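# Coordinates in review
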Amino acid sequence: MVTTESTPIPVEYPSLLEELKKELTQEPNKSLTAFCKEHSINYENFNLWLRTTGRSFIKLRSEIRVSAGMEKNSNELYLKCLDLLQIELNGNVHLRFVDFCERNKVSYRGMSNWLAGNNLDFTTIRARICEAKGVEIPKGCCRPYVPISTDRDKAKARFGKTLDTYREELASNLRYSLKVHCGKMGTDYYNMLRWMKFMKVSVRQLQRAARLNAKTCPDGKAIHVEECSVIELCTFLYTYDKDQRRK
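Residues numbered from 1 in each chain as written. Predicted model: local features only at pLDDT ≥ 70, side-chain atom pairs only at ≥ 80, totals over all residues. Heavy atoms only, no water.

### Quick look at the overall build of the chain
- Scanning the chain for helices and strands turns up 13 helices and zero strands.
- Counting helices and strands in the order they occur from the N terminus, the chain gives α-α-α-α-α-α-α-α-α-α-α-α-α.
- Split into buried and exposed, the 247 residues of the chain put 35% on the buried side.
- Contacts in the chain between residues at least 24 apart in sequence constitute 60% of all its contacts with a sequence separation of at least 6. (Helix = DSSP H or I, 4+ residues; strand = E, 2+ residues; numbered from the N terminus. Buried < 20%, exposed > 50% of the residue type's maximum accessible area, 1.4 Å probe, protein only. Contact = heavy atoms within 4.5 Å.)

### Focus: unusual backbone geometry
- Even without being glycine, S40 reaches a positive phi, approximately 55 degrees.
- Take S40: it is sitting in the loop between α2 (32-38) and α3 (43-52).
- Positive phi is not limited to glycine here, since K105 has a value of about 55 degrees.
- Looking at the element boundaries, K105 is found in the loop between α6 (97-103) and α7 (108-117).
- Accessibility expressed as a relative area gives 78% for K105, which makes it exposed.

### Brief notes about the packing of helix α1 (residues 13-26) against helix α4 (residues 57-67)
- Viewed as axis vectors pointing N to C, α1 and α4 meet at an angle of 50 degrees, and their least axial separation amounts to 9 Å. Overall, the two elements α1 and α4 adopt an arrangement that is oblique. Considering only the axes of α1 and α4, their crossing is right-handed. The segment α1 lies against α4, with L17, L20, K21, L24 and T25 engaging F57, L60, R61 and I64. (Axes fitted to C-alpha atoms, helices over the stretch in contact; angles between N-to-C directions. Parallel < 35°, antiparallel > 145°, perpendicular 65-115°, else oblique. Left-handed = near helix turned anticlockwise from the far one by under 90°.)

### What about α3?
- All of the buried residues along α3 are Y43, F46, N47, W49 and L50. Along the axis of α3, the buried positions cluster into a sector of 160 degrees, meaning they face one direction only. Turned more than 90 degrees away from the buried face of α3 sit E44, L48 and T52, all of them exposed.
- Among the structural elements, α1, α2 and α4 are those in contact with the buried residues of α3.
- N-capping of α3 is provided by N42, with a side-chain oxygen placed 3.1 Å from the backbone N of E44. (Arc of directions from axis to C-beta. Polar contact = N/O pair within 3.5 Å; in protein donor to acceptor, adjacent residues only side chain to side chain.)

### So, the side chain of T162
- Tracing the sequence through the fold places T162 in helix α9 (residues 152-170).
- In terms of polar contacts, T162 uses its side chain to reach the backbone carbonyl oxygen of R158, at 2.8 Å.
- Beyond its immediate chain neighbours, meaning those up to four positions away, T162 contacts H181, C182, M185, T187 and M192.

### Remarks on the side chain of H181
- By the element assignment, H181 lies in helix α10 (residues 178-185).
- Residue classification places H181 among the buried positions, given a relative accessible area of 3%.
- A polar contact of 3.2 Å, which involves the side chain of H181, links it to the side chain of Y176.
- The contacts of H181, once residues within four sequence positions are left out, are T162, T165, Y166, E169 and Y176.

### Some points on the packing of α1 against α3
- For the pair α1 and α3, the least separation of the axes is 11 Å and the interaxial angle reads 85 degrees. Taken together, the axis directions place α1 and α3 in an arrangement best described as roughly perpendicular. On the side of α1, the interface is formed by Y13, P14, L16, L17 and L20, while α3 contributes N45, F46, W49 and L50.
- Residue composition of the contact of α1 with α3, by class: eight nonpolar, one polar and no charged. (Nonpolar A, V, L, I, M, F, W, Y, C, P; charged D, E, K, R; others polar.)

### A look at the layout of surface pockets
- Volume-wise, the second largest pocket comes out at about 400 Å³.
- In terms of lining, the second largest pocket is formed by 23 residues, of which the most central are R51, S56, L82, Q86 and R128.
- Grouping the amino acids of the lining of the second largest pocket by side-chain chemistry returns 10 nonpolar, seven polar and six charged. (1 Å grid on protein atoms, 1.4 Å probe; cavity = no way out; pocket = protein on both sides within 12 Å on 5 of 7 lines; lining within 4 Å. Points joined across faces, edges and corners; volume = space filled by probe spheres on them.)

### So, a positive patch on the surface
- A contiguous patch of positive charge, built from R175, R204, R208 and R211, is present on the exposed surface.
- Along the polypeptide, R208 turns up in helix α12 (residues 203-213). (Patch = residues over 30% accessible without salt bridge, like charges linked within 9 Å, V, L, I, M, F, W, Y side chains within 5 Å. Areas by Shrake-Rupley, 256 points an atom, 1.4 Å probe, with all protein chains shown as cover. Salt bridge = Lys/Arg side-chain N within 4 Å of Asp/Glu carboxyl O. Lys, Arg positive; Asp, Glu negative; His and termini not counted. Charge placed at Lys NZ, Arg CZ, Asp CG, Glu CD.)

### Comments concerning the confidence of the model for the chain
- Per-residue confidence for the chain averages 76 on the pLDDT scale, and 74% of its residues sit at or above 70.
- Averaged pLDDT values for the elements of the chain fall to 58 in helix α13 (residues 230-246) and rise to 89 in α10.
- Considering only residues more than four positions removed or in separate chains, one finds that residues 1-5, a stretch of pLDDT under 50, has zero contacts.
- Predicted confidence for residues 141-150 stays below pLDDT 50, and this span has 18 contacts to residues more than four positions away or in other chains. (pLDDT = per-residue confidence, 0-100.)

Laid out in structure tokens, this is it:
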């Protein structure tokens, strides 16, 4: 039987913790990644050590903000949501992040960005909880996400209109950004992406369609696709490309 010795905790960690507190007081939004990089510290080891002291980096930064009398902001909101998220995941590892955010009336995008800013993500949090519970990590969602709206018909119409007008813009500029277009249309970019994924449509497919519509095919046939649906067009592109490869 082979045994391995645990890696000893660097003696400088306690002093580095005090330095971290000092720097957080001066720069409350500083990330742990940035701190470790500046001090040439192994992020994973230092972060793990912080947890063994009974506090995570996120809680440490929150405590410093409160003690300094700083105005509470979204950080406190997301910190509470993180605790609640872990509790709910512990009870149901199949919980979907988007459902959690909707039920607790917190921005899915804002929460995701906040987690990323603190070197976290939903997948990692769930994986840790599954490991602690000794259960298998769920593989994907049981069904695709469909953006929820108080008026589904209006939501679908908005996404459809955004898609149609984006296709028109691509006809003159193949590099046109969907994110920029959503901003102009007043459509939520991330919900638009999820809707397109549900409809099995991607920006790359739309770009290929626009490119094909603007040119004559190699075999000399001119193809007009103005009246077909996106799904029909994508099916055609796949079939046409397959036929061309056979020649």
